[in-house]
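# Notes for the structure review
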Amino acid sequence: MNNQKQQKPTLTGQRFKTRKRDEKERFDPTQFQESIVQGLNQTGSDLEAVAKFLDASGAKLDYRRYAETLFDILVAGGMLAPGGSISDDMTRTEFCLFTAQEDLETMQAYAQVFNKLIRRYKYLEKGFEEEIKKLLLFLKGFTESERNKLAMLTGILLANGNISAAVIGSLFNENVVKEGVSAAFAVKLFKSWIYERDINAVAIALRKVGMDNRLMELFPANKRSCEHFSKYFTDAGLKELSDFARNQEAIGSRKELQKELQEMMGRGDNFKEVRAGIIGYVREEMKKTNISEQLMIGIVWSSVMSCVEWNKKEELVCEQAIKHLKQYSPLLKAFTSQGASEILLLVKIQEYCYDNIHFMKAFQKIVVLLYKADVLSEEAILKWYADAHVAKGKSVFLEQMKKFVEWLKNAEEESESEEEEEN
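Residues numbered from 1 in each chain as written. Predicted model: local features only at pLDDT ≥ 70, side-chain atom pairs only at ≥ 80, totals over all residues. Heavy atoms only, no water.

## Some details on the overall build of the protein
A count of helical and extended segments in the protein gives 18 helices and 0 strands. For the protein, the residues scored as buried account for 44% of the 423 residues in total. Long-range contacts, defined here as pairs at least 24 residues apart, represent 69% of the contacts in the protein between residues at least 6 apart. Accessible surface, the protein: about 24000 Å² in total, of which carbon and sulfur atoms supply 47%. (Helix = DSSP H or I, 4+ residues; strand = E, 2+ residues; numbered from the N terminus. Buried < 20%, exposed > 50% of the residue type's maximum accessible area, 1.4 Å probe, protein only. Contact = heavy atoms within 4.5 Å. Areas by Shrake-Rupley, 256 points an atom, 1.4 Å probe, with all protein chains shown as cover.)

Written as structure tokens, this is what we have:
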């Protein structure tokens, strides 16, 4: 008798369970284009219907593979050849961005179509940004009206955060810059961007991607000046952008000036000669660039404090700071001839000591040193103590200065009473 159990027969092969929603029709680019064009032709200019069609189609069409084809059709009506022309041998539609009405309201509605599509299919985000960059490189291949519509749409998309300000880099391409195409496009773009948000939001977005100092590149090299930029955008009704660019250039000049001062401070061991050379150079720069004494003392202070490697130990850094500032006090004195400059220097010292934690306990000693060196007057110190200080470390620094301020007030009262006795 066979005690072994007889094995039951088994089915060979594998079974795969596929969800219907994961099944996508894999067309070639031509079939994909025909499907999108047919859907757009059926929905026509009803953008809500377009958004619904695109939402539903993403479940069966391979958006991931044919993202560029999809965006080309939505913007231009068909596949774009290099340079911006539409391929004649491919199916195309008349219902797209380029054939839409040229006004801000219509462009806002189109921006919503793209916004809904990308929110629904997050993986399209990167491809959409690449598409905008490509379209900006093709600007010369589009008509003026098409460029205007694309510029307004891009500004709205930037304002909504659908794309990064990095796309503006495409406008700096030499082929687009020449003949003024980039600058004219930028006018429409920034107008719609600022209309949707404000210049501060625009500035933050530009700084985030390092575009804040590159706006001059919208013009050919021979026109790349602050004066030309300012006039062009002011005449176009964008004074806020003009002012922003002027401010950025001033910041850039100040950084260069500070760098030069730090290099000068590092040359040679004869502090008297170094100081005299720096004072002469700074005064020349003030005349040349029309920088005020208040602005200059801030630059000088930053340069003085940046030209040395500070000790990491709190107990040693105070002594090091006093020794260092004693050498450079004549330089600070040269640019604190006005009460407003003294107040600004006090605020800069306060901010520096707060931002550099090892200097927190050094504030009072620095102020006293500069008082004794005739850099800071008692009037400026009393004014700072009363109401000209800033919030950074306020309670700590006011407490540090309390006894010295009381001493100044008493000395002032004694001086006044002596004057009264003499009279």
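## Quick word on the packing of aromatic side chains
For any two aromatic rings, the description comes down to two numbers: the centre-to-centre distance and the angle of the planes. According to the stated counting rule, one finds 22 aromatic pairs in the structure shown. On the numbers, 6.3 Å between centres and 80 degrees between planes, the contact of Phe 32 with Tyr 63 is edge-to-face. Of the two residues, Phe 32 sits in helix H1 (residues 29–43) while Tyr 63 sits in the loop between helix H2 (47–57) and helix H3 (67–76), which places them 31 residues apart along the sequence. Take Phe 32: its relative accessible area is 1%, and that puts it in the buried class. (Phe/Tyr/Trp six-rings, centres within 6.5 Å; stacked < 30°, edge-to-face > 60°.)

## Observations concerning the pattern of salt bridges
Side chains that differ in sign of charge can pair as their charged atoms come close. Inspection of the entire model under this criterion finds 14 salt bridges. One salt bridge connects Glu 217 with Arg 214, and the closest N-O pair in it is separated by 2.8 Å. Overall, the relative accessible area of 31% leaves Arg 214 in the partly exposed class. One salt-bridge network, held together by shared partners, links Glu 68, Asp 72, Glu 131 and Lys 134. (Salt bridge = Lys/Arg side-chain N within 4 Å of Asp/Glu carboxyl O.)

## Description of the nonpolar core
By size, the foremost hydrophobic cluster in this structure holds 80 residues, and its most contacted members are Tyr 63, Ile 168, Phe 190, Trp 193 and Leu 206. The element contributing the most residues to this core is helix H8 (residues 181–196), with 9 residues. Apart from residues lying up to four places away in sequence, Phe 190 is in contact with Ile 168, Val 202, Leu 206, Leu 215, Leu 238 and Leu 241. Core analysis: the next-biggest nonpolar cluster, separate from the first, contains 58 residues, Ile 278, Tyr 328, Ala 362 and Leu 376 among them. (Core = buried A, V, L, I, M, F, W, Y, C linked by side-chain atoms within 4.5 Å.)

## Brief notes about H1
Along its 15 residues, H1 runs 21 Å from first to last C-alpha, staying within 8% of the 21 Å computed at 1.5 Å per residue. Regarding H1, the residues found buried are Phe 32, Gln 33, Ile 36, Val 37, Gly 39, Leu 40 and Thr 43. All buried residues of H1 lie within an arc of 160 degrees about the axis, which places them on one face of the element. Buried-residue contacts for H1 involve H2 and H3. (Expected span 1.5 Å × (residues − 1). Arc of directions from axis to C-beta.)

## Describing the side chain of Lys 134
Its place among the elements puts Lys 134 in helix H5 (residues 124–137). Overall, the relative accessible area of 15% leaves Lys 134 in the buried class. A polar atom in the side chain of Lys 134 sits 2.8 Å from the side chain of Asp 72. Look past the residues within four positions of Lys 134 in its chain and what remains in contact with it is Glu 68 and Asp 72. (Polar contact = N/O pair within 3.5 Å; in protein donor to acceptor, adjacent residues only side chain to side chain.)

## A few points about helix H9 (residues 199–208)
Along H9, the positions that sit buried rather than exposed are Ile 199, Ala 201, Val 202, Ala 203 and Leu 206. Of the surrounding secondary structure, the elements contacted by the buried residues of H9 are H8 and helix H11 (239–265). A distance of 3.0 Å separates the backbone nitrogen of Asn 200 from a side-chain oxygen at the start of H9, and that oxygen is part of Asp 198.

## A short note on the environment of Leu 189
Structurally, Leu 189 can be placed in helix H8. Owing to a relative accessible area of 1%, Leu 189 belongs among the buried residues under this scheme. Look past the residues within four positions of Leu 189 in its chain and what remains in contact with it is Ala 151, Thr 154, Gly 155 and Leu 158.

## Description of the side chain of Thr 69
Along the chain, the position of Thr 69 falls in helix H3. The class for Thr 69 is buried, based on a relative accessible area of 7%. Apart from the residues within four sequence positions on either side, Thr 69 is in contact with Phe 32, Gln 33 and Met 79.

## Concerning unusual backbone geometry
Generally, phi is negative for residues other than glycine and the peptide bonds are trans, each holding for most cases. Of note, Glu 179 is a non-glycine position whose phi angle comes to about 70 degrees, a positive value. Topologically, Glu 179 is positioned in the loop between helix H7 (174–177) and H8.

## Remarks on the confidence of the model for the protein
Residues at a pLDDT of 70 or more form 89% of the protein, whose mean pLDDT is 88. This stretch, residues 13–24, has a pLDDT under 50; its non-local contacts, to residues over four places away or in other chains, come to 10 contacts. (pLDDT = per-residue confidence, 0-100.)

## Some points on the packing of H1 against H3
For the pair H1 and H3, interaxial distance at closest approach is 10 Å and the crossing angle is 35 degrees. As H1 packs across H3, the resulting crossing turns out to be right-handed. Judged by residue contacts, Phe 32, Gln 33, Ile 36, Val 37 and Leu 40 of H1 engage Thr 69, Leu 70, Ile 73 and Leu 74 from H3. The class makeup of the residues in the contact of H1 with H3 is 7 nonpolar, 2 polar and no charged. (Axes fitted to C-alpha atoms, helices over the stretch in contact; angles between N-to-C directions. Left-handed = near helix turned anticlockwise from the far one by under 90°. Nonpolar A, V, L, I, M, F, W, Y, C, P; charged D, E, K, R; others polar.)

## What about the environment of Thr 106?
Residue position: Thr 106 is located in helix H4 (residues 104–120). With relative accessibility at 19%, the residue Thr 106 sits in the buried group. Considered as a pair, Thr 106 and Lys 149 are 43 residues apart in the sequence and their alpha carbons are 9.2 Å apart. Aside from chain neighbours lying at most four places away, what touches Thr 106 is Ala 100 and Gln 101.

## Focus: the packing of helix H15 (residues 339–355) against helix H17 (residues 378–388)
In contact at an axis separation of 9 Å, H15 and H17 are set at 60 degrees when each is read in the N-to-C sense. In terms of orientation, H15 lies oblique with respect to H17. H15 and H17 meet at a crossing whose hand is right-handed. On the side of H15, the interface is formed by Glu 342, Ile 343, Leu 346, Val 347 and Gln 350, while H17 contributes Ala 380, Ile 381, Lys 383, Trp 384 and Ala 388. When its residues are assigned to classes, the contact of H15 with H17 shows 7 nonpolar, 1 polar and 2 charged. (Parallel < 35°, antiparallel > 145°, perpendicular 65-115°, else oblique.)

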